[in-house]
Amino acid sequence: MGLLSIIRKIKRKEKEMRILMVGLDNSGKTTIVLKINGEDTSVISPTLGFNIKTIAYNKYTLNIWDVGGQRTIRSYWRNYFEQTDGLVWVVDSSDLRRLDDCKFELHNLLKEERLSGASLLIFANKQDIQGALSPDEITKVLNLEALDKTRHWENYWL
Amino acid sequence: MEGEEDLSNPNKTLDPTYSHPKHTAMLERLSNRKQPFLSRNPDSHPFESTNSFLSRFSQSKHSIDSDLTRCRQSTDPDSKSTLKSDLEAVSISISDLEKLVAENSYFLPSYEVRTCLQTISSLKQSLENVTSEVFPKKKFAFKSKKASSGVLDKTEIENHDVDLEKPSFIVPDLPGFRNMENEVLVKEFKGSEMGEFSISDLNSCEVRLTGCLRAIFIHRLKNCKVYTGPVFGSVLIEEVEGCVFVLASHQIRVHHARASDFYLRVRSRPIIEDCSGVRFAPYCLSYDGIERDLKESNLDEETGNWANVDDFKWLKAVQSPNWEILPESESVGGVTILNSDK
Ligand SMILES: Nc1nc2c(ncn2[C@@H]2O[C@H](COP(=O)(O)OP(=O)(O)OP(=O)(O)O)[C@@H](O)[C@H]2O)c(=O)[nH]1
Ligand SMILES: [Mg+2]
């Protein structure tokens, strides 16, 4: 193994975490990342490529990769799998019609071997919208119970 | 490795949309807000010009390409161990190149970002190919870091595919208009109501929504006219044909639209994907109280973004053939919803 990559791995283990935010377009990924970072969210365009945010949290440095979710660029998601520690799957809980699409893409992603070591967080976003499904309902619709119990997943909302 | 260090700079805003060339007017307006970022830490963004970025990008790509060729052509069986670390070094170079794109994507034109992403994608593919050529049997080590616990076995997940088929939950509908033909459909959103709304499966209908909304979903409309007051969140439009939309919203995404006109006011850049024959014009709706509603939704200002359409299916620098600006001579001019119509 190259020396560089050994140093890199040690460094990463100690204090760097790589978090990958994915989900269908319009689910709110960029909004969430900017909010967490305390930034203005009044003008956000649909993401064409990706954004990286570096956030310090306790002793950790979180590198958050926010990747665009439009169908055309979903094939690029696989570019970001390498060395991902945490996977955040963002769901628009009010986009009822595309929940099937959402379920399909999520389960597709979880087949990915390179992501098998990563923790999974399901983010049931847009809970403020009246007709939105609750996190429990999202769990059912996305068939999360079918996931292996050893994989850590959680439902969370803003 | 340097690329990694750059990441320690917090509060980076890398949205590529902020400094698209067409975008300069908006940039200027936003300059107060964005200024600290643009002027902060100039060292970490040494390019800020598309040309110098692209030449650096193609240099790196070239050197990665030739490294890969060298690895592929190496036939000496004794060199396997160095080959392994060489390929790892290539993998790191590709990651660094990727970070370079991410960090600079806020000022790059969108088609450059897309092209760079495709290049990176194909570099990764070549790396995979070379790796499996040089080490045919064994999986290459750095592909996944196997933790001893919490690892989801691939075959295990595949078994769950069966469950994917059967729906475990009946999804209810959002409030909205659906399954109608030749109707005029009217709804007024008052005061704090700020609803979300879904409009689907309509044929030859006219839809008038007045007041402020939070989000709109539109699906499968044919030969319809849709007029709406301001939307504080986003509008998602899919599978429409022969329609006219007059919409104001913070975000607008249009997928699979054909031969339709969009009169828009948007805070961000409207995007289209898998569309053809769609045309864009400025928002032109009026009804009693619309000024107040627009102000309340932070959409009172004309950003000019109605013309800054990004086509996710069009990579090139030249104008996408899928959309155009609606010639003024063909514009409806203005749409007024009278109180008696509400
Ligand atoms: N009502 C409501 N709207 C939200 C919430 N989070 C995000 N939004 C809106 O959802 C829309 C989409 O948000 P984005 O952050 O651009 O979504 P994204 O997932 O980054 O989309 P892509 O970049 O296209 O993949 C925006 O109009 C946001 O204002 C939420 O919690 N509630
Ligand atoms: Mg985004």
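The name recorded for chain B in an unreviewed UniProt entry is C-CAP/cofactor C-like domain-containing protein, from Camellia sinensis. The record in UniProt for chain B states the following under Sequence similarities (unreviewed entry): "Belongs to the TBCC family."

As named in an unreviewed UniProt entry, chain A is ADP-ribosylation factor-like protein 2, taken from Camellia sinensis.

S.K.: I tried to follow the pattern of salt bridges on my own but got confused; where do I start?
M.R.: Side chains that differ in charge, positive against negative, can pair when their charged atoms come close. Under the criterion given, the structure shown has 27 salt bridges over all chains. One salt bridge connects Lys-313 of chain B with Asp-274 of chain B, and the closest N-O pair in it is separated by 2.6 Å. With Lys-313 of chain B in the loop between strand E11 (310-311) and strand E12 (323-325) and Asp-274 of chain B in the loop between strand E8 (271-273) and strand E9 (276-282), this pair connects stretches of sequence that are 39 residues apart. You can call Asp-274 of chain B partly exposed: its relative accessible area is 26%. Lys-295 of chain B is paired through a salt bridge with Asp-300 of chain B; the nearest N and O atoms lie 3.5 Å apart. Of the residues examined, Lys-295 of chain B reaches a relative accessible area of 58% and is grouped as exposed. Take Asp-300 of chain B: its relative accessible area is 34%, and that puts it in the partly exposed class. Among the charged side chains, a network of salt bridges with common partners joins Asp-25, Arg-71, Arg-74, Asp-95, Arg-97, Arg-98, Asp-101 and Glu-105 of chain A together with Glu-238 of chain B.

S.K.: Would you mind showing me how to read the coordination of the magnesium ion (ligand 2) here?
M.R.: Think of it this way: four donors in a tetrahedron around the metal ideally sit 109.5 degrees apart, and six in an octahedron ideally sit 90 or 180 degrees apart. Residue and element names in this part refer to chain A. The protein atoms donating to the magnesium ion (ligand 2) are Thr-30 (OG1) and Thr-47 (OG1), with metal-donor distances spanning 2.0 Å. Separated by 17 residues along the polypeptide, Thr-30 in helix H2 (residues 29-36) and Thr-47 in the loop between H2 and strand E2 (50-57) bring together distant segments of the chain. On the basis of relative accessibility, which here comes to 10%, the residue Thr-30 falls in the buried class. Taking relative accessible area as the criterion, Thr-47 reaches 10% and is therefore assigned buried.

S.K.: Even after reading the chapter, I still don't get the UniProt feature "binding site: Mg(2+)" (unreviewed entry) in chain A, so can you show me in this structure?
M.R.: Those places that UniProt annotates as "binding site: Mg(2+)" (unreviewed entry) correspond, in this numbering, to Thr-30 and Thr-47 of chain A. Spanning 18 residues, the annotated positions come together in the fold, the maximum distance between their C-alpha atoms being 7.7 Å. Residue contacts for Thr-30 of chain A: discarding those within four places in its chain leaves Ile-44, Thr-47, Asn-51 and Asp-66 of chain A. Residue contacts for Thr-47 of chain A: discarding those within four places in its chain leaves Thr-30, Asp-66, Gly-68 and Ile-73 of chain A together with Phe-312 of chain B. Only 2.9 Å separates the side chain of Thr-47 of chain A from the side chain of Thr-30 of chain A, close enough to count as a polar contact.

S.K.: Mind showing me how you'd approach a nonpolar patch on the surface here?
M.R.: Residue and element names in this part refer to chain A. A cluster of nonpolar side chains, namely Met-17, Tyr-57 and Tyr-60, defines an oily patch on the protein surface of about 310 Å² accessible area. Here Tyr-60 is to be found in strand E3 (residues 60-67). Owing to a relative accessible area of 38%, Tyr-60 belongs among the partly exposed residues under this scheme.

S.K.: Please clarify how the environment of Val-134 of chain B should be interpreted in this entry.
M.R.: Residue and element names in this part refer to chain B. Along the polypeptide, Val-134 turns up in helix H6 (residues 110-134). The exposure class assigned to Val-134 is buried, which follows from its relative accessible area of 10%. Residue contacts for Val-134: discarding those within four places in its chain leaves Cys-71, Lys-80 and Leu-83.

S.K.: Is there a simple way to explain the site of ligand 1 in this structure?
M.R.: For ligand 1, the set of nearby residues contains 23 residues, the closest of which are Lys-29, Thr-31, Gly-69 and Asp-128 of chain A together with Gln-251 of chain B. Near ligand 1, residues from chains A and B are present, making the site a shared one. Take Asn-26 of chain A: an N or O atom from its main chain is 3.1 Å from an oxygen atom of ligand 1. With respect to ligand 1, the side chain of Lys-126 of chain A contributes an N or O atom lying 2.9 Å from an oxygen atom. Bound to the protein, ligand 1 loses 89% of the 660 Å² it would expose on its own. Among the elements that line the shell around ligand 1, the one with the most residues is H2 of chain A, at three residues. In terms of residue class, the shell around ligand 1 is made up of four nonpolar, 13 polar and six charged.

S.K.: Please clarify how the packing of aromatic side chains should be interpreted in this entry.
M.R.: Working definition: an aromatic ring pair is given by the centre-to-centre distance plus the angle between the planes. Under the criterion given, the structure shown has ten aromatic pairs over all chains. Ring centres 5.8 Å apart and planes at 85° place the aromatic pair Trp-77 of chain A and Trp-89 of chain A in the edge-to-face group. Of this pair, Trp-77 of chain A sits in the loop between E3 and strand E4 (86-92) while Trp-89 of chain A sits in strand E4, and the two are twelve residues apart along the sequence. Each member of the pair, Trp-77 of chain A together with Trp-89 of chain A, is buried. Geometrically, the ring pair formed by Phe-189 of chain B and Phe-197 of chain B is edge-to-face, given 5.5 Å between the ring centres and 90° between the ring planes. Phe-197 of chain B shares its class with Phe-189 of chain B; the two are buried. An aromatic cluster is defined as three or more aromatic residues linked by ring pairs; in this entry it consists of Phe-245, Phe-262, Phe-280 and Trp-323 of chain B. Across the ring face of Phe-135 of chain B, the terminal group of Lys-84 of chain B is positioned such that the distance to the ring centre comes to 5.8 Å.

S.K.: So what exactly am I meant to see when it comes to the domain arrangement of chain B here?
M.R.: Quite often, the size of an interface is put as the accessible area lost when its parts meet. Residues and elements named next belong to chain B. Each assigned domain of chain B is listed here: domain 1 (49-134) and domain 2 (176-337). Inter-centroid distance (C-alpha atoms) of domain 1 to domain 2 is 41 Å. Tallying the contact residues gives five residues for domain 1 and seven residues for domain 2. Overall, the association of domain 1 and domain 2 removes approximately 470 Å² of surface from exposure, summing both partners, and the carbon and sulfur fraction of that is 52%. The tally of links between domain 1 and domain 2 comes to zero salt bridges. Summed over the shared surface of domain 1 and domain 2, the number is one residue pair in polar contact (both at pLDDT 80 or more). Tallied by class, the residues present in the side of domain 1 that touches domain 2 amount to one nonpolar, three polar and one charged.

S.K.: Could you clarify how one ought to interpret the side chain of Glu-238 of chain B in this entry?
M.R.: Looking at where Glu-238 of chain B falls in the secondary structure, it is placed in strand E6 (residues 225-241). Judged by relative accessible area, Glu-238 of chain B falls into the buried class, the value being 10%. At 2.8 Å, the side chain of Glu-238 of chain B forms a polar contact with the side chain of His-255 of chain B. The contact partners of Glu-238 of chain B, leaving out residues within four places of it in the chain, are Arg-97 and Arg-98 of chain A together with Ile-218, His-219, Arg-220, His-255 and His-256 of chain B.

Rules and cut-offs
Residues numbered from 1 in each chain as written. Chains lettered and ligands numbered in written order. Predicted model: local features only at pLDDT ≥ 70, side-chain atom pairs only at ≥ 80, totals over all residues. Heavy atoms only, no water. UniProt positions renumbered as here; feature names shortened; annotations may be inferred. Salt bridge = Lys/Arg side-chain N within 4 Å of Asp/Glu carboxyl O. Helix = DSSP H or I, 4+ residues; strand = E, 2+ residues; numbered from the N terminus. Buried < 20%, exposed > 50% of the residue type's maximum accessible area, 1.4 Å probe, protein only. Donors = N, O, S within 2.8 Å, 3.2 Å for Na, K, Ca; no water. Contact = heavy atoms within 4.5 Å. Polar contact = N/O pair within 3.5 Å; in protein donor to acceptor, adjacent residues only side chain to side chain. Patch = residues over 30% accessible without salt bridge, like charges linked within 9 Å, V, L, I, M, F, W, Y side chains within 5 Å. Areas by Shrake-Rupley, 256 points an atom, 1.4 Å probe, with all protein chains shown as cover. Near = heavy atom within 4 Å. Nonpolar A, V, L, I, M, F, W, Y, C, P; charged D, E, K, R; others polar. Phe/Tyr/Trp six-rings, centres within 6.5 Å; stacked < 30°, edge-to-face > 60°. Lys NZ or Arg CZ within 6 Å of the ring centre and 35° of its normal. Domains from an automatic or database assignment. Buried area = accessible area lost by both parts, 1.4 Å probe.

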